[in-house]
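The primary structure of each chain is shown beneath.
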Amino acid sequence: MKAVLLKLYRYIKKYSIQIAAIIVFIVYFALSFKDPFSVRSLIPNLEPFPDTLFYSIPAINFIKGNEFKMMTYGHEIKSMVPPLYSIFLIPFYFIKNDFRMFYFANQALGFFSLFLFIKIISTFSKKRINKSLYILSGGLIYATTFHIYNLPSLLMAENLTLTLVMLSFYLLATKNSKINSIFSGYVGLLLLLTKFSNLPLALAFHLSFLIKVILNNKVNVLSTYLINSIISVMIFVFFVLKTNILFGHANLSSETSFNIESFKTNLNFYVNGLMGSNARFLWYQELLFNKFFAVTGVIGLIWSYLNNNKRNLISYFGIFIALNIGFMSFFYYADSRYIMTLVIPLILGFVLFLNQFAKIKSAGKSSAIAFFIILFSLLITKQGPHLNVNNLISLKNQIMINFKYQETPWNYLAVQNFNDNINESNSYLATFLPPFYIEINSFGKYNYLPISLYQEFSSSEKDVLKYFYNKSLIDEYLNLMNDGKNIYISNYYASTDVWKKDYQNIEDIFETELVSEGCFGSCNLYKLSIKNEN
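A brief structural summary. (Residues numbered from 1 in each chain as written. Predicted model: local features only at pLDDT ≥ 70, side-chain atom pairs only at ≥ 80, totals over all residues. Heavy atoms only, no water.)

What follows is about the state of the cysteines. Evaluated as defined, the whole model comprises one disulfide. Paired through a disulfide, Cys-519 and Cys-523 show a sulfur-sulfur distance of 2.0 Å. Measuring the twist about the S-S bond at about 85 degrees, one finds the Cys-519-Cys-523 disulfide to be right-handed. As far as the burial class goes, Cys-519 and Cys-523 line up, both buried. (Disulfide = S-S within 2.5 Å. Buried < 20%, exposed > 50% of the residue type's maximum accessible area, 1.4 Å probe, protein only.)

In structure tokens, the structure reads:
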């Protein structure tokens, strides 16, 4: 027995780095796992609108042979988002022409981001036992952060942004080379072609990489980097001029989109959120990051910088955090998804804290203390979708939801109810759901009509609803009925305060015949007919 245990110990010691990495990947998979093709997760809802549709529809249309366009029912509007994330989705839609394939695209990005994260941590120490500890510690913090493991379930470009930011950290953490300088020249371009709000991230990287190369005094690396950077700038300028995407952009054309009045309030929001206070993330109210690890991460960054350990990388973290928070604080709307990538430097700061601690303690003692710190945080602190319980129970509950229980995708179920009960080819469905979402789920089974002139996709350059009626929406309904068309209407979202009056107006003008109940009465389907004036 003793010989077996000794052999096992030697095996674990030999492959400790690989074992630590495997544990982290398993934890991340367990927390981020979803079944996208079932109705057990919220993935089929495809929320939040309109962002998810701007990213998915061009890729879906491309697969259908309709070109890379923001088009629905033959009507096209100008795309308002850069194309890179949509382009990334295309190979996955080739495998299966189903919008829910985005989850697998996001998981591919998620696993690659985690791989790069582990590679970065591996540069912090040459000792195998310390390297294994850092991978396990930092990796578990990363994998158990709610907005990290929840991100693959959202069809949002933040998935690609996270990967590109991790790539930028990796390029700065590793030694300069000609290959690295080529990749580095295009990091900013890739970030901007993913999201325009990535501008401060792009600037922070290029400034830091340029300083790093100059300090290392490598002329060939510098020249290669500058040439590729110039090429990337030319590509971006050509893209902007060719597409006119920035001209008339909703978030750039308004004088109030960026203003100094928002700065102080938003700055407090972002700093407090990053340091572990409640911070809005879309409709989520969970903590952006664990407060204990946030504070320890800051201490680790300062401690390492003062001891001349990874000083160049830590300087980049400072530029990265300052530029991103400073820039986004001027934007009128504060949302912690704009700064979610900033948790990465804090996690790496915690690993650097362990690294500094290991220098004043033996490796064995530092390992034991580190695991105690992590265990204490998991047991005591709170983060994630269940803020009323500690983090360990919250993680357990998340895994149970992923593998045993379910979340109900009401948008998707509503459309399935419509599909099951509209059988005539000359039919129209009036709904508050966007036409893009209806088309990709109904497979052309019926046509589309809006209920309100103020529902989603009805304003500025997003206005596609104007193509579905001529002068008056009510007149459009009447004309279609007089032409023998069948018009169905759903009360889904009719209880929303903004749209309630428009729905009631339809009920006042037309007869409504219940065709099918759905979603416990919240997505019923009715057939409209002209009221008998007698």
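What follows continues from the structure just given.
Attention now goes to the packing of aromatic side chains. Taken as a whole and assessed by the stated rule, the structure comprises 43 aromatic pairs. When the centroid spacing of 4.6 Å and the interplanar angle of 10 degrees are considered together, the rings of Phe-33 and Phe-403 count as stacked. You can see Phe-33 sitting in the loop between helix H2 (16-32) and helix H3 (51-64) and its partner Phe-403 sitting in helix H18 (residues 391-403), a full 370 residues away along the chain. Members of the aromatic cluster, each reached through a chain of ring pairs, are Phe-169, Phe-205, Phe-209, Tyr-225, Tyr-316, Phe-317 and Phe-320. In this structure, Lys-96 is placed above the aromatic ring of Phe-37, and the distance from its NZ or CZ to the ring centre is 5.4 Å. (Phe/Tyr/Trp six-rings, centres within 6.5 Å; stacked < 30°, edge-to-face > 60°. Helix = DSSP H or I, 4+ residues; strand = E, 2+ residues; numbered from the N terminus. Lys NZ or Arg CZ within 6 Å of the ring centre and 35° of its normal.)

Here the focus is helix H16 (residues 343-360). Along its 18 residues, H16 runs 26 Å from first to last C-alpha, staying within 8% of the 26 Å computed at 1.5 Å per residue. The element H16 is largely enclosed, with a buried count of 16 among its 18 residues. (Expected span 1.5 Å × (residues − 1).)

Next up on the list: a nonpolar patch on the surface. A contiguous nonpolar patch, built from Phe-62, Phe-68, Ile-87 and Phe-94 and spanning about 390 Å² of accessible area, is present on the exposed surface. Here Ile-87 is to be found in helix H4 (residues 84-95). On the accessibility criterion, Ile-87 (43% relative accessible area) is partly exposed. (Patch = residues over 30% accessible without salt bridge, like charges linked within 9 Å, V, L, I, M, F, W, Y side chains within 5 Å. Areas by Shrake-Rupley, 256 points an atom, 1.4 Å probe, with all protein chains shown as cover. Salt bridge = Lys/Arg side-chain N within 4 Å of Asp/Glu carboxyl O.)

Attention now moves to the pairing of strand E3 (residues 427-430). Burial along E3 is two-sided: the residues Ser-427 and Leu-429 and Tyr-428 and Ala-430 are all buried. Of the strand pairs in this sheet, E3 and strand E4 (residues 447-449) are connected by three bridges, and their pairing is parallel. When the bridges of E4 are listed, Leu-429 appears paired with Tyr-448. Handedness of the β-α-β unit built from E3, helix H20 (residues 435-442) and E4 comes out right-handed. (Pairing = 2+ DSSP bridges. Right-handed = clockwise from strand over helix to strand, strands pointing away.)

The next thing to look at is the packing of helix H9 (residues 178-192) against helix H11 (residues 219-243). In helix packing, the relevant descriptors are the interaxial angle and the interaxial distance, both defined with respect to the helix axes. Running from N to C, H9 and H11 cross one another at 25 degrees; their axes reach a closest spacing of 8 Å. Viewed along their axes, H9 and H11 adopt a mutual orientation that is roughly parallel. Helix-helix and strand crossings are classified by hand; for H9 and H11 the assignment is right-handed. For the pair formed by H9 and H11, the contact residues are Lys-178, Ser-181, Ile-182, Ser-184, Gly-185, Tyr-186, Leu-189 and Leu-192 on the first element and Val-221, Thr-224, Tyr-225, Asn-228, Ser-229, Ile-231, Ser-232, Ile-235 and Phe-236 on the second. Taken together, the residues of the contact of H9 with H11 break down into nine nonpolar, seven polar and one charged. (Axes fitted to C-alpha atoms, helices over the stretch in contact; angles between N-to-C directions. Parallel < 35°, antiparallel > 145°, perpendicular 65-115°, else oblique. Left-handed = near helix turned anticlockwise from the far one by under 90°. Contact = heavy atoms within 4.5 Å. Nonpolar A, V, L, I, M, F, W, Y, C, P; charged D, E, K, R; others polar.)

Pairing geometry for strand E5 (residues 486-490) and strand E7 (residues 525-530), over three bridges, is antiparallel. Residue pairing in the sheet places Ile-489 in a bridge with Tyr-526 of E7.

Here we take up the sheet that holds strand E6 (residues 510-516). Here we have five strands laid out as an open sheet, ordered E4-E3-E5-E7-E6, and mixed in their pairing. Each edge of the open sheet carries a strand with a single partner, namely E4 and E6. Between one strand and the next, the sheet's axes are offset by a mean angle of 35 degrees, whatever the strand orientation.

Coordinates in, geometry out; function isn't part of it.
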